[in-house]
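Each chain, letter by letter, is given below.
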Amino acid sequence: MPVSSRLKRPPATKDRRAARRPRVAPPALAKISPPLLASVCERKRLYKVLDDAGRRPVSFFTAPAGAGKTTLAASYLKARHRPCLWLQLEADNADPASFVYYLRLAAQRIAPRRATKLPLLTAEYQLGLPAFAKHLFEMLAHVLPADTVLVLDNYQEVGADAALHGFLAEGLTALPPGMRLLYLSRQAPPAALARRRAEGALVMLDWDTLRFTLEETAAMAKLQCGKRAAPSAAALHQLHARTHGWAAGLMLLLETPDATAAGDPRMEQGDQTTFDYLASEVFQRLDPAMRELLPPLAIPPAVSAVMAAELTGNPHAGQRLEELVRANCFTTRHASGHYQFHPLFRNFLLNELRRNSSEAERLRLQRSAANLLVDEDQPEEAAQLFIGAADWVGLSELIIQNAQGLLAQGRHDTLATWLHALPAELRDANPWLLFYLGAARLPFDLGESRALFEQATERFSDADNDISGFVLAWSSVIQILPGDFIRNLLPLLSQQHGRDARRGSGPRLLFWPVHSQVTALEFPHGRPATAPL
């Protein structure tokens, strides 16, 4: 059966797979909750830097992966008892509308009722982004505690030309007094923040500032070694010299004292290759069951215990992940119960998976992980895996299930991105996919949107018994048509309706709803009494 015939209309209810197990967490909660720290090396030197920077509303952490940015921010906020909104940014949802949607969800963790007053960036606000951004940040004062801190983790995932940079820069001008914004990034601040830096409203914590000192290296060694004997003073000096203050390299070398990476200049830059080399030493020390378990769990960006068990077939997968959390082994547990690997460790595990499994097995795991993410109401993460596995049936079903919700949230760009990822021949053969692409483009390009609605209307006219789809697509065309065309359209509709009625064929039931739609658009204050039908 062709794909298009299996995707005729939006489902009336949620996918039946969602009924197979209780929901683990609200949608995408892992990306809007701060990491829970099992044990952490408190960096009081940097806590004081952040305290002193409190008079300025923006702090920007910039350092390579594995420098300890996320742990520093989370431990500081915990030590100072500051409420926070924590957002993990990703390349596929870093547009302003998605940011606003997830900001609202994150605010609901602190103020479930008041946060619903925060507006969504729907289509009618798209032409006034600066004003909307200022209004949104002003609203935070009425919704959240006065000392709330907003943390934007993985900010390097936002593209250099992304509209979110300017959106946030405008919003910062209206940030309520007492609130702070922390950027965590592997890259330098974007140009949109240049004005804030010039005004002295932004403080930088760069790579040199974030490097572990010798004293902090000793504290980390004591924490990581636990009941084992801590390194001697001479060994600590050597360890600090070898890692150049790189937190990830330090943690790995504490587990691999015989590693031969001494003097490797890549340590200073926080290089992925160096991490992989050292991580392979640690990985081989794990028991065989753990080495088999971990690589598939790196496929999704985060996993719940239920998802980990289903994806691997190991009912104890959640317990094994908890072991890594307690051991500070580059694994974090979120308040939602989801587990997440450090990006460097996740990349290492994905390389292990590619090296030790067939392409067919990897695609099977990707599809399984995507379906599990759908069950846990994480459509964006599922979409990326469907695209990576070229599972166009799964992606098409996901789009049709979520399109109306995305449009209601103002997330037209996200919907359009998913639709453009589909092969053109599949998308063009399915009227619902064409219709939703037209809806996604409506706020930005009326001509393109109208053409897509017209194509959808043609496809719906060929479909059996899909009257609702035909009316929706046709009505959408009418809304975009110029007035002079509409004035000539009603007589044509009347003539066609009469011919169809005489022949006993055609979509007779469609005439009156479409006629009413056209009439409402042409005569918004009522039809003149003398106007002929």
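Owing to the predicted nature of the structure, the values given are computational and were not obtained by experimental measurement. (Residues numbered from 1 in each chain as written. Predicted model: local features only at pLDDT ≥ 70, side-chain atom pairs only at ≥ 80, totals over all residues. Heavy atoms only, no water.)

A. Expanded view of the overall build of the protein chain. When helices and strands are tallied, the protein chain shows 26 helices and 8 strands. Here the protein chain holds 533 residues, and 51% of them are scored as buried. In the protein chain, of all internal contacts separated by at least 6 residues, the share reaching a separation of at least 24 is 70%. When the accessible surface of the protein chain is totalled, it reaches about 24400 Å², and 54% of it is carbon and sulfur. (Helix = DSSP H or I, 4+ residues; strand = E, 2+ residues; numbered from the N terminus. Buried < 20%, exposed > 50% of the residue type's maximum accessible area, 1.4 Å probe, protein only. Contact = heavy atoms within 4.5 Å. Areas by Shrake-Rupley, 256 points an atom, 1.4 Å probe, with all protein chains shown as cover.)

B. Main features of the confidence of the model for the protein chain. Overall, the predicted model of the protein chain reaches an average pLDDT of 84, with 82% of residues at or above 70. Looking at the elements of the protein chain, mean pLDDT is at its lowest for helix α26 (residues 508–522), recorded as 46, and at its highest for strand β4 (residues 149–153), recorded as 97. The model gives residues 505–515 a pLDDT under 50, and that stretch makes 19 contacts with residues more than four places away or in other chains. Residue range residues 518–533 is modelled with pLDDT below 50. Its contacts to residues more than four positions away, or to other chains, number 20 contacts. (pLDDT = per-residue confidence, 0-100.)

C. Region of interest: the sheet that holds strand β5 (residues 180–185). Strands sit in the order β3-β4-β5-β2-β6 across an open sheet of 5 strands; the sheet is parallel. A single partner strand is all that each edge strand has here, and the edge strands are β3 (84–88) and β6 (202–205). Each strand of the sheet is rotated relative to its neighbour by a mean of 15 degrees, with strand direction disregarded. Bridge analysis of strand β2 (residues 58–62) against β6 gives 4 bridges, and the strand direction is parallel. What sits directly across from S59, in β6, is V203. Helix α2 (residues 69–79) contacts β2, β3, β4, β5 and β6 of the sheet and is inclined by roughly 155 degrees relative to β5. (Pairing = 2+ DSSP bridges. Axes fitted to C-alpha atoms, helices over the stretch in contact; angles between N-to-C directions.)

D. Up close: helix α10 (residues 247–255). Within α10, 8 of the 9 residues are buried, which leaves it mostly tucked inside the rest of the structure. All of the buried residues in α10 are A247, A248, G249, L250, M251, L252, L253 and L254.

E. The arrangement of the side chain of T148 in detail. By the element assignment, T148 lies in the loop between α4 (129–143) and β4. Look at T148 and you get buried, because its relative accessible area is 3%. Separated by 2.8 Å, the side chain of T148 and the backbone oxygen of P145 make a polar contact. Apart from the residues within four sequence positions on either side, T148 is in contact with R82, P83, C84, L85, I110, G178, M179 and R180. (Polar contact = N/O pair within 3.5 Å; in protein donor to acceptor, adjacent residues only side chain to side chain.)

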